[in-house]
Every structure is written in C-alpha cells, then in structure tokens.
Amino acid sequence: MKLVKIFTNFWFGASIFAFRDLKTRYAGSILGAIWIILYPLSMAAITSIVFALAFQKTVENVPFFLYTLAGFSAWIFFVQTINSSTRSLVQNRDIIVNNNIPTEFILGGVALSRCVDLCITTIFLIISATFLDVISFSPWFFLKSILILLLITCTLSLISAASNVYFRDVQALVDIFLNIIFYATPIIYPLSAIPARYLWIFNLNPLTPVFSGFRASILPFSFNFSSLNLILVISFLSLLIVFIVYKRLEKNFSQFL
Amino acid sequence: MKTNSKELPRIEFIDVSKTFFINPTNQLRSFILGKKNPPLRISVSQHLNFKINKGEIVGLYGPNGSGKSTVLRLAAGILQPDDGKVIVRGSIASVIELGAGLHFDLTGNENINLYATILGIPQEKINILRNKAIEFSGIGNFIDVPMKYYSSGMRSRLATSIALFADTDILLLDEAIAVGDSDFRQKFMEKIKKIKKNKAILFITHDVGLLQHLSDRVLLMDHGNFKNTENEIAIWRIQKMPIGKKFQGKVQSNSMYPFLKKGDNLTIIKNRFSEIRKDDIIAFALPNMPQVIVHRVDNVYKKDNGYCITRGDSSIGLDTWKVTPNEYLGKVVFSFSKE
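The following refers to the structure shown. (Residues numbered from 1 in each chain as written. Chains lettered and ligands numbered in written order. Predicted model: local features only at pLDDT ≥ 70, side-chain atom pairs only at ≥ 80, totals over all residues. Heavy atoms only, no water.)

Quick word on the overall build of chain A
Here is step 1 of the chain: From N to C terminus, chain A includes 11 helices and 2 strands.
Here is step 2 of the chain: Of the regular secondary structure in chain A, the N- to C-terminal order runs α-α-β-β-α-α-α-α-α-α-α-α-α.
Here is step 3 of the chain: For chain A, the C-alpha radius of gyration of 19 Å lies close to 18 Å, the compact-globule estimate for 257 residues.
Here is step 4 of the chain: Across its three principal directions, the C-alpha atoms of chain A cover 55 × 45 × 40 Å.
Here is step 5 of the chain: Considering chain A as a whole, with its 257 residues, one finds that 48% of them fall into the buried category.
Here is step 6 of the chain: Within chain A, contacts between residues separated by at least 24 positions form 79% of all contacts whose residues are at least 6 apart in sequence. (Helix = DSSP H or I, 4+ residues; strand = E, 2+ residues; numbered from the N terminus. Rg over C-alpha atoms; globule rule 2.2 N^0.38 Å. Buried < 20%, exposed > 50% of the residue type's maximum accessible area, 1.4 Å probe, protein only. Contact = heavy atoms within 4.5 Å.)

Structure below.
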C-alpha cells in the first residue's frame, strides 16, 4: 500500500515535469512536435543513403532504411534521455536548492517526456513497416525489449546526473562515451557485416541484444527473445542499487549545485 | 500520534551547526591530485537552538549573510546539519526563493501544477487549492495565458498564493512577504493571521514593520548565531538608565539612509516620551524583538497613554510603526560617520 502511494506520487510528479519538458521543448519552433519524427527520419535517411552504398540495400529482406530507422528510434530515446538527464539537475538548480523536492521527479520527467517521443516514433515505424509490407509486430516482445531499454537508460541517467552535480566534466565525458557506444551497437550497420572473429566484442555490449530485440519485435528479423531474460533481471537489479545510492547522494546535491 | 504532534513543537533545532566549503571544486581537485590545500570553510550557523510551536509565527531578522536562509533550508530539509539535530513534525511548504521553478512558457494554471508539485503538495490537494489561489492572487483571466505575459507582480502574487493555500503544518517563507502592491500585502497579512492557528510559520524579512505586525517572536541572527539574549540584556540596561543619561550605538542597517548610514556611530539621550516632537529621530525597542530601532517620528498622538507613528527615511509604504511610552528609549542627539 505504501509502495503504491510512493509510486503514484512519483508518477504524478514526473508527469508534471514531463509536461513542462514537452510543452516547452519546441516552444517557438515552426514545425513543433513534428521534429520528434523528423529527427530520426532524417538520421535514418542520411545513413541509409551513405551506408547503402557500402553495405547491402536490404537486411534479411527488410529495407536498410527501416533497419536504421528502428535503430535510431531506440537510440535517440537512449541518448537524449541520458544527455538531458545529465544536465537536468544543474539546469534545475533553482528548484533543487530552494525546495525539498525529490529530484527523481525531475529525472523521471525527462525520461517520461522522451518516452512520449519514443511512442510517436515507434508508431511511425510500425505504420511505415505496414506500408512497406514488412511488419511483424509482437507486442509482448516489444514491451520486453522496451522495458530493458528503459531500465538501462534510467540506470545510466541516474549515474551521470548525480555525478555531474559533483564534477561538471561528466557532461562532456558522457558525450564521448555515448559516441563510442553508438558505434559499438548495431544501429547503422547489421551485425552480419561484422567479421565473425570480432563478434564476441559486440555480444559483450548489453545494448546489442536490446536493440536487436527491439528491431525484431517490429520487423521480421530472427531473434531469440529468451536471451533477454538475464539482461532484464540484471538491469532491474542495477537500477534498484543505483537508485538507492542516488537517494543517499541526493542529500548533498543542494550544497554542491 | 496526533496528540503527540499537538504537544510537541513543530520545528525543533537542537544544537545545530552547519559549515560550508567555499571551494568544493578545489577540494575535489586537490583530492585527486593529492594536494593538501586546506579547504576554505565558513561556519554559517553554530549551535542553534530554538523551537516553534503550532500557532506561532516567528520572524528571522538579521543582516545579509547572517545565516537566515541557511536556517530555513535546514528546517526545510534541503540542507543537512553537520552537527546537532533538526526535528520537523508535520508537512512543510517552503518558499525560499519565491517563484523558483515557475516556467514562462506555461500558463498560470499549468504553473500552479508545477509550482505546487515543487512545493511538495500532493496531487489531491492541488485541485483544492487551485481556485482559492487563483481568486486570492487576483490573476483573473490571465490564468490561461502563458506566464511570460505576466507582470513580475502577478507572478509573485500567484506563487505566494499557492504557498499560502498549501495545506501544510509548517510554512517557511523567505522574503515572500515583500511582494505585490500594498493592497495585496494587506490581504496577505490578514490571511497569514487567519491561518496561523493551525500552522507553525517561520519567515524572513528585512521589513521591520512586518516583524512588528506579524510575528509573535523574533529571532535575531548575526554571524550564524542568535543574538537574542545578549541584546535583551543590553536593552534592559538601557531601559533602567535614568533620564538625561547618554548611551552610544552603531547603525546596523540602512533603513534611515541617507541621514544615517550603516556603520555610523550614534549618541542617544534618555528623555521623556512627552518630549517627542514630529521629525525627531528616536530610539525604541519592541517587546517581541530584541533590537534597538532608530526611526523618524511621523506624528505624535495623545490618545490612550500617548503613542507616536514612526518610519524609516529610506523605506516607503508599510514600514511604519506605532511606538508606545513603554517601548521608547531615547532621542538621537548626535551621529558621526566612521570615515
């Protein structure tokens, strides 16, 4: 009962901040919320034009464009949530220093507003796949891979947001780190393009199966979804541990901000 | 549980101390590089003790940098004490920086949601306070307009109203009172007096008139300490002096600027209340506030036992006080500046 109360409080607080983020993010822009779709679309278009020359035009009979669009949808959620979270505590310094507000409301708001983006891009992806007749949507596997993506994203966001309070170098380091992850995860290239003897490196990256799972839940790729079970448990536990540590550090935020 | 919180004070500071590191980044850098630079520390509050009960309004008064806001932040739980114990019983709304968190691209209504959440008001209470706050602030039709079109007075009126109608046990206010026009201030003070019996209120202001009007008690802060007892003894000594005796003092604030500047030295002579004339500069001390106040006499009245209305030269508006013979100390006869 108490847990339910805590969760509804968090949900309400986070949604207030998510609303603020969503409403103000594109305030004053002409295209407004269309940017949510336009950004991954243009990224996918650019890479498929550039990379389709180097790689094949299809991956397992799915157009390369859809392959990268699926990858970018998930990736943009991942990278933008972490980037915004990292800066959000510093940006909301006024609020944190002057009010005893649980700071996870602010971070939750960031994640939630980016979830809305992810929903929109995913719907767009599903419509495009249906239109091109390569849809193979399985809601259960979709939810499973999204859940893991969310858990990993939140864990990394909490770590980077909290450490950025103490060392502002973190926001620069996070950019570099995310850039490395981007190339170490099959987003703009298929795993089949990787030479077999280097494949183990990519399999060490927990994001590789998550992204492959996300793609395979919407597009007709073969993927063994039971391989996600262990990652789900580990990512849940790590979020729990990170959150507990975060709540301990939170008490000192107003002094260091 | 309920009877407990009735009997026990709502806010209790037990021997609370707080120290800040002024150069935390250097501290971390020297930690990594292994340098042994001693971090620069400043003590903001030292061994503070006080209690605030339900139904009490306590004013915090002191010069800038004396640690008033730190006391409020400690009470709000934003800062943790290094030493001692801060005990808080009940829910808190704290307005330490008025309007911190309001967003200019959101409408008034949306900002109510946001600001109330920031103040820690639970969801179900936000809808209850909404209409009351809108009405009290006098925003009217502007409530559905983005806040960037508000005047700064409207913004602070809305923020103050939200805090005022937050149904919490404890209210912490940092200079929130000095907002809006005199009508709104009047309304605000009446509202505070009305809600005070269910709350414990701790507020900061530099407006000494407000301290007299609102507070049951004043905590005088200087360099992170409460000066109450020392000052009380000094005032008591002055009160016991015979007529015609002179005493000296140093100006602590600029409320009589340009006639008196902060740091000026004063000589005050004890005389009778009946000798006061309009435009005299007089010294007095109020019962709830352990400090000698120097003001200019605005008018003298003979009603009751006689009283006079005073005001500071530099302040406008509400900073007028009523001084009775019991509170009167003496007349300023001489002042000179340090330089």
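Structural notes on the environment of Leu239 of chain A
Residues and elements named next belong to chain A.
Here is step 1 of the chain: For Leu239, the position within the fold is in helix H10 (residues 228-250).
Here is step 2 of the chain: Looking at Leu239, the relative accessible area reads 18%, which means it is buried.
Here is step 3 of the chain: Between the alpha carbons of Leu239 and Leu132 there is a distance of 38 Å; along the sequence they are 107 residues apart.
Here is step 4 of the chain: The contacts of Leu239, once residues within four sequence positions are left out, are Leu151, Cys154, Thr155 and Leu158.

What to know about the sheet that holds strand E14 (residues 307-311) of chain B
Residue and element names in this part refer to chain B.
Here is step 1 of the chain: An order of E10-E11-E16-E12-E13-E14-E15 is seen for the 7 strands of this open sheet, with the pairing classed as antiparallel. Either end of the sheet is taken by a strand with one partner, and the two such strands are strand E10 (246-250) and strand E15 (320-323). In this sheet, neighbouring strand axes are inclined to one another by 45° on average, regardless of whether the strands run parallel or antiparallel.
Here is step 2 of the chain: Each of E10, strand E12 (281-286), strand E13 (289-301) and strand E16 (328-336) touches helix H9 (residues 228-239); the most contacted strand, E13, lies at about 50° to it. (Pairing = 2+ DSSP bridges. Axes fitted to C-alpha atoms, helices over the stretch in contact; angles between N-to-C directions.)

Examining the side chain of Ser161 of chain B
Here is step 1 of the chain: Here Ser161 of chain B lies in helix H6 (residues 152-165).
Here is step 2 of the chain: Sequence-distant contacts of Ser161 of chain B, that is, excluding residues within four places in its chain, are made with Ala133, Phe136, Ser137 and Phe184 of chain B.

Quick notes on the sheet that holds strand E9 (residues 225-226) of chain B
Residue and element names in this part refer to chain B.
Here is step 1 of the chain: Taken together, 6 strands build an open sheet; the order of strands is E5-E6-E7-E3-E8-E9 and the sheet is mixed. Bordering the open sheet on either side are strand E5 (92-95) and E9, each of which pairs with just one other strand.
Here is step 2 of the chain: Inspection of the sheet shows strand E8 (residues 217-222) paired to E9 by 2 bridges, in the antiparallel sense. The residue of E9 that forms the bridge with Met221 is Phe226.

Section: the interface of chain A and chain B
Here is step 1 of the chain: Between chain A and chain B, the contact holds 25 residues from the first and 30 residues from the second.
Here is step 2 of the chain: In total, chain A and chain B occlude about 2400 Å² of area from one another, counting both sides; carbon and sulfur atoms represent 63% of this.
Here is step 3 of the chain: If you sort the residues of chain A by the area they bury against chain B, Phe12, Asn98 and Gln255 of chain A come out on top, with a joint share of 25%.
Here is step 4 of the chain: Here chain A is connected to chain B by 2 salt bridges.
Here is step 5 of the chain: Measuring nitrogen to oxygen at the nearest pair gives 2.9 Å for the salt bridge that ties Glu110 of chain B to Lys23 of chain A.
Here is step 6 of the chain: If you look at where chain A meets chain B, you find 6 residue pairs in polar contact (both at pLDDT 80 or more). (Buried area = accessible area lost by both parts, 1.4 Å probe. Salt bridge = Lys/Arg side-chain N within 4 Å of Asp/Glu carboxyl O. Polar contact = N/O pair within 3.5 Å; in protein donor to acceptor, adjacent residues only side chain to side chain.)

Quick look at the nonpolar core
Here is step 1 of the chain: With 79 residues, the main nonpolar core has Phe253 of chain A together with Ile162 and Ile192 of chain B as its most contacted residues.
Here is step 2 of the chain: Those residues in contact with Ile162 of chain B that sit more than four places away from it in its chain are Asn111, Ile112, Tyr115, Ala116, Leu119, Ile121, Leu129 and Ala133 of chain B.
Here is step 3 of the chain: Among the nonpolar cores identified, the runner-up in size contains 46 residues, and Val59, Val62, Leu149 and Leu178 of chain A belong to it. (Core = buried A, V, L, I, M, F, W, Y, C linked by side-chain atoms within 4.5 Å.)

As for a nonpolar patch on the surface
Here is step 1 of the chain: A surface patch of nonpolar side chains, about 720 Å² in accessible area, is lined by Val233, Phe236, Leu237, Leu240, Ile241, Ile244, Val245 and Leu249 of chain A.
Here is step 2 of the chain: Summarising the element assignment, Phe236 of chain A is placed in helix H10. (Patch = residues over 30% accessible without salt bridge, like charges linked within 9 Å, V, L, I, M, F, W, Y side chains within 5 Å. Areas by Shrake-Rupley, 256 points an atom, 1.4 Å probe, with all protein chains shown as cover.)

Overview of the packing of helix H1 (residues 2-25) of chain A against helix H5 (residues 104-131) of chain A
Residues and elements named next belong to chain A.
Here is step 1 of the chain: Packing of H1 against H5 leaves a shortest axis separation of 7 Å and a crossing angle of 60°. One way to sum up the angle between H1 and H5 is to call them oblique. In this structure, H1 crosses over H5, and the sense of that crossing is right-handed. Judged by residue contacts, Asn9, Phe10, Trp11, Gly13, Ala14, Ser15, Phe17, Ala18, Asp21, Leu22 and Arg25 of H1 engage Glu104, Phe105, Ile106, Gly108, Gly109, Val110, Leu112, Ser113, Arg114, Val116 and Asp117 from H5.
Here is step 2 of the chain: Among the residues making up the contact of H1 with H5, the classes are represented as 11 nonpolar, 6 polar and 5 charged. (Parallel < 35°, antiparallel > 145°, perpendicular 65-115°, else oblique. Left-handed = near helix turned anticlockwise from the far one by under 90°. Nonpolar A, V, L, I, M, F, W, Y, C, P; charged D, E, K, R; others polar.)

Some remarks on the pattern of salt bridges
All names here are of chain A.
Here is step 1 of the chain: Taken as a whole and judged by the stated rule, the model has 14 salt bridges over all chains.
Here is step 2 of the chain: With its nearest N and O atoms 2.7 Å apart, the salt bridge here joins Glu104 to Lys247. Of the two residues, Glu104 is situated in helix H5 and Lys247 in helix H10; the sequence distance between them amounts to 143 residues.
Here is step 3 of the chain: According to the relative accessible area criterion, Glu104 is buried, its value standing at 13%.
Here is step 4 of the chain: In this structure Lys247 comes out as partly exposed when scored by relative accessible area, which is 26%.
Here is step 5 of the chain: Salt bridges linked by common partners bring Arg25, Arg114 and Asp117 together as one network.

A closer look at the packing of aromatic side chains
Here is step 1 of the chain: A full pass over the atoms with the stated rule returns 25 aromatic pairs over all chains.
Here is step 2 of the chain: Look at Phe7 of chain A and Phe10 of chain A: their rings are 6.4 Å apart centre to centre, the planes differ by 50°, and that puts the pair in the tilted class. On the criterion of helical spacing, the pair formed by Phe7 of chain A and Phe10 of chain A is a turn pair, its members being 3 residues apart in helix H1.
Here is step 3 of the chain: Judged by centre distance (6.4 Å) and plane angle (55°), the rings of Phe10 of chain A and Phe105 of chain A are tilted. Note that Phe10 of chain A is positioned in helix H1 and Phe105 of chain A in helix H5, a separation of 95 residues in sequence.
Here is step 4 of the chain: The exposure class assigned to Phe10 of chain A is partly exposed, which follows from its relative accessible area of 26%.
Here is step 5 of the chain: Aromatic rings pair up to connect Phe72, Trp75, Phe78, Phe182, Tyr183 and Phe211 of chain A into one cluster.
Here is step 6 of the chain: Its end group placed over the ring of Phe259 of chain B, Arg296 of chain B keeps NZ or CZ at 5.5 Å from the ring centre. (Phe/Tyr/Trp six-rings, centres within 6.5 Å; stacked < 30°, edge-to-face > 60°. Lys NZ or Arg CZ within 6 Å of the ring centre and 35° of its normal.)

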